[in-house]
Amino acid sequence: NKASTRGDGRNGGWQTGAVSVALTCSDLLSGCSTTRYRLDTDASSTISYGSWLTYSSAVSFNSDGNWALDFNSTDVAGNVGDINTHFVLLDRVAPSTSGSGDNNTWRSSVSVTLSCSDSNSGCSSTKYRVDSSSGSSVSYGSWTTYSGAISFPIDGNWALDFNSTDVAGNIETTNTRFVLVDATLPSTAWDGNNGSWQNFNADISLSCSSSLSPCSSTAYRLDSDGSTAVSYGAWQTYSSAFTVSSDGNWVVDFNSTNAAGNVETTNTRYVLIERVKPTTRWNGFDGTWLTSVASISLTCSDANSGCSTTKYRVDSNSASGISYGSWQTYSSAVSFVSDGNFAIDFNSTDSAGNIGDTNTHFVLVDTNKPSTRWDGQGGVWGSSYSITLTCSDVTSGCSFTKYRIDTGATSSISYGAWNTYSSALSFASDGNYAIDFNSSDVAGNVGDVNTHFVLVDSSLPTVSITNSVFSTRDTSFVLTFSGSDVNGSIAKYWVSQDSVLWIDNGTNTSYLFA
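To keep things clear, this report deals only with the structure shown in the data block.

Conventions used here
Residues numbered from 1 in each chain as written. Predicted model: local features only at pLDDT ≥ 70, side-chain atom pairs only at ≥ 80, totals over all residues. Heavy atoms only, no water. Helix = DSSP H or I, 4+ residues; strand = E, 2+ residues; numbered from the N terminus. Contact = heavy atoms within 4.5 Å. Disulfide = S-S within 2.5 Å. Buried < 20%, exposed > 50% of the residue type's maximum accessible area, 1.4 Å probe, protein only. Pairing = 2+ DSSP bridges. Polar contact = N/O pair within 3.5 Å; in protein donor to acceptor, adjacent residues only side chain to side chain.

## Topic: the environment of Val478
- Residue position: Val478 is located in strand β47 (residues 477-484).
- For Val478 and Ser510, which are 32 residues apart along the polypeptide, the C-alpha to C-alpha distance reads 6.5 Å.
- Discounting chain neighbours no more than four positions away, the residues touching Val478 are Asn467, Ser510, Tyr511 and Leu512.

So this is what it looks like as structure tokens:
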């Protein structure tokens, strides 16, 4: 009968400590002579035996691996026992578990996959537990056996503990990872005026805020077209306040990104700058006299922001001196109904706040005709006349005076041409002359035509005595006579006894000498 040999260790079961295998031979008759063994030199599942050795004491296994051990015995009779093979599985190294993603790094969404690795016995199970508090404090839930990816759908700062156990029973030291979830977009504030015109540089500061993960970067881009059309430049990383200094309608786009990678929806703002003053024009005639009511319209023009208001003030003194009233907002045409010389000031303000230069113009209104007087005696006979014409006008002043003279010396009228008056008019020839005259003022008002008559008679009248007897010695004597004149009638008779003292006899054609 063959000798039999047994080993006292576990055959094929993984162990976590050093293994010592004692071999024991048994033989019922002749007794055991020797026991031999040979060891696997390859720690993997592949077997590569070494040479046979004579057993003398327990065989030790100190290295992790999957070791094959062959052994048998020979009895004194020389019977060789069957070869026995035992497998010594030694694993003293704990498994290792890795998690996908970054530790303690903000992300907008996180799903963690756990992966166990073990070089010898292999992984048996993986467990994890999740923090139930989204804040910085940690409050763990219960341990759960891992079966698939762990999702973190809610924003917060979450702790995740996990470890694995291998087949040999080695338990990994617990790993702790912090899962930072922030799916909320950051927001960026600016300190500019959006869509409001201004007349100064725009110094724009951008400020990012994020509820959980910190802000990572802020970017902006500027419109390069100052009109209402938009032509963007390249995106730039914001580092400090930037200035928009040119007049125009500028668009600014900006957004921020936080540490979780969330990109804010782009904000669009409008920077409106204008430093050019508006201009205001009027429809009047500066310094030109008008003969009717003046209605003055004011029109503002502005190249960029547009006109906001137009104001005016009117002189309350109709003379050449100026006494302004208060400023008023222009809404409709300004009427000047009174005669006079009025100053009007006006300017406009645009939507950016630029105040235009004050314009001063003069509204001259004269609706009254000038008058013309003469220094003659109408309808009174004279031996000659020198006629002076004088114009008067209380507002715009006289411009010129004209006249025309009757060319016929009789009572019928035949006018000559109109002439501009410059000096006194002389009438030396006998006759009955009509003279028309009027004046025009500076405003163009034409005065009423005046008609007067100049009667000139330089010829002496004749007187004839009508008495038939001139010589008498009566105590009284009545002288009778009659007179005639080529141009008119006798106005008065004068009688003298001694050619020294003349007596006014009126129109009587007789005189009593007593």
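What follows continues from the structure just given.
## Here's the deal with the state of the cysteines
- Here the structure, examined in full by the defined rule, presents 5 disulfides.
- Between the sulfur of Cys208 and that of Cys215 lies a disulfide, 2.0 Å long from S to S. Negative torsions about the S-S bond denote left-handed disulfides, and the value of about -85° found for Cys208 with Cys215 makes this one left-handed.
- What pairs with Cys391 in a disulfide is Cys398, and their sulfur atoms sit 2.0 Å apart. Every disulfide takes its handedness from the sign of the S-S torsion; for Cys391 and Cys398 that torsion is -85°, giving left-handed.
- Indicated for the protein is the disulfide connectivity 1-2, 3-4, 5-6, 7-8, 9-10, based on numbering the bonded cysteines in sequence order.

## What about the pairing of strand β19 (residues 187-190)?
- Residues Thr188 and Trp190 of β19 are buried on one face, while the alternating residues Ser187 and Ala189, pointing to the opposite face, are not.
- When β19 meets strand β22 (residues 206-209), the two strands line up antiparallel, connected through 4 bridges. In the sheet register, Ala189 faces β22, and the bridge partner there is Ser207.

## Quick notes on the environment of Gln497
- Structurally, the position occupied by Gln497 is in the loop between β48 (494-496) and β49 (502-504).
- Overall, the relative accessible area of 59% leaves Gln497 in the exposed class.
- Beyond its immediate sequence surroundings of up to four residues, Gln497 is in contact with Tyr511 and Phe513.

## Description of the side chain of Thr280
- Tracing the sequence through the fold places Thr280 in strand β28 (residues 279-282).
- Here Ser348 takes part through its side chain, which lies 2.6 Å from a polar atom of the side chain of Thr280.
- Leave out the neighbours within four places in its chain, and Thr280 touches Leu298, Thr299, Cys300, Thr310, Phe346, Asn347, Ser348 and Asn359.

## Some thoughts on the environment of Asp191
- Mapped onto the elements, Asp191 comes out in the loop between β19 and β20 (197-198).
- For Asp191, a relative accessible area of 46% corresponds to the partly exposed category.
- Sequence separation between Asp191 and Asp203 is 12 residues, and the spatial gap between their C-alpha atoms is 8.4 Å.
- Those residues in contact with Asp191 that lie beyond four places of it in its chain are Asp203, Ile204 and Ser205.

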